[in-house]
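Observations on the three-dimensional arrangement
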Amino acid sequence: MHQIRTVEAALGSPVKQFQPSEEPCYKKLGKTLVAARHLSAGEHITADSVKVKVAEPKGYPAEKYGDIIGKELVRNIQEDESIMVTDVI
């Protein structure tokens, strides 16, 4: 019984949270959504129109990928350019 509690304690919480020590790495290597091709203002974003990569400036976070599909662009975006939160409605 003692061994099981020790293993559970070693595994930690099943709820994963962003730790302060991870912030510098995330700021440098965090993924962002970029245009997979030239995108035009008024176009609706599809799965084929975006890709995930490390890019500057940091734009729409990659973990929000599902939220951006179907949204409309308010400006033209060049291929490999970061998609900013303000670029979609």
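Heads up: these notes are all about the structure in this document. (Residues numbered from 1 in each chain as written. Predicted model: local features only at pLDDT ≥ 70, side-chain atom pairs only at ≥ 80, totals over all residues. Heavy atoms only, no water.)

Moving on, we come to the overall build of the protein chain. Helix and strand counts for the protein chain stand at three helices and two strands. Moving toward the C terminus, one meets the helices and strands of the protein chain in the order α-α-β-β-α. In terms of overall size, the protein chain is more extended than a compact globule, its C-alpha atoms giving a radius of gyration of 18 Å where 89 residues would be expected to give roughly 12 Å. Taking the principal axes of its C-alpha atoms as reference, the protein chain extends roughly 60 × 25 × 20 Å. Per-residue burial over the protein chain gives 22% buried out of 89 residues. Accessible area of the protein chain: about 6300 Å², with a carbon and sulfur share of 58%. Side chains of the protein chain give 12 positive and 13 negative charges; the mean places of these two sets differ by 6 Å. (Helix = DSSP H or I, 4+ residues; strand = E, 2+ residues; numbered from the N terminus. Rg over C-alpha atoms; globule rule 2.2 N^0.38 Å. Buried < 20%, exposed > 50% of the residue type's maximum accessible area, 1.4 Å probe, protein only. Areas by Shrake-Rupley, 256 points an atom, 1.4 Å probe, with all protein chains shown as cover. Lys, Arg positive; Asp, Glu negative; His and termini not counted. Charge placed at Lys NZ, Arg CZ, Asp CG, Glu CD.)

As a further point, take the nonpolar core. As a rule of thumb, nonpolar side chains are buried together in soluble globular proteins. Membership of the largest hydrophobic core is limited to 11 residues, which are Leu 33, Ala 35, Leu 39, Ile 45, Val 50, Tyr 60, Ile 68, Leu 73, Ile 77, Ile 83 and Val 88. Those residues in contact with Val 50 that lie beyond four places of it in its chain are Val 34, Ala 36, Ile 45, Tyr 65 and Ile 83. (Core = buried A, V, L, I, M, F, W, Y, C linked by side-chain atoms within 4.5 Å. Contact = heavy atoms within 4.5 Å.)

Per the stated rule, a full pass over the model turns up six salt bridges. Two residues, Asp 80 and Lys 51, come together in a salt bridge whose shortest N-O distance is 2.9 Å. Highlighted residues: Asp 80 in the segment after helix H3 (65-68) and Lys 51 in strand S2 (residues 50-54), separated in sequence by 29 residues. The exposure class assigned to Asp 80 is partly exposed, which follows from its relative accessible area of 34%. Of the charged contacts, one joins Lys 53 and Asp 80 as a salt bridge, the two residues approaching to 3.4 Å between their closest N and O atoms. One end of the pair, Lys 53, is in strand S2; the other, Asp 80, is in the segment after H3, with 27 residues separating them in the sequence. Given the relative accessible area of 30%, Lys 53 is considered partly exposed. (Salt bridge = Lys/Arg side-chain N within 4 Å of Asp/Glu carboxyl O.)

Right, let's talk about the side chain of Ser 82 for a bit. Counting through the fold element by element, Ser 82 comes out in the segment after H3. A relative accessible area of 4% means that Ser 82 is categorised as buried. At 2.6 Å, the side chain of Ser 82 forms a polar contact with the backbone oxygen of Pro 57. When residues no more than four places from it in sequence are discounted, the contact partners of Ser 82 are Thr 32, Leu 33, Val 34, Ala 55, Glu 56, Pro 57, Gly 59, Arg 75, Ile 77 and Asp 87. (Polar contact = N/O pair within 3.5 Å; in protein donor to acceptor, adjacent residues only side chain to side chain.)

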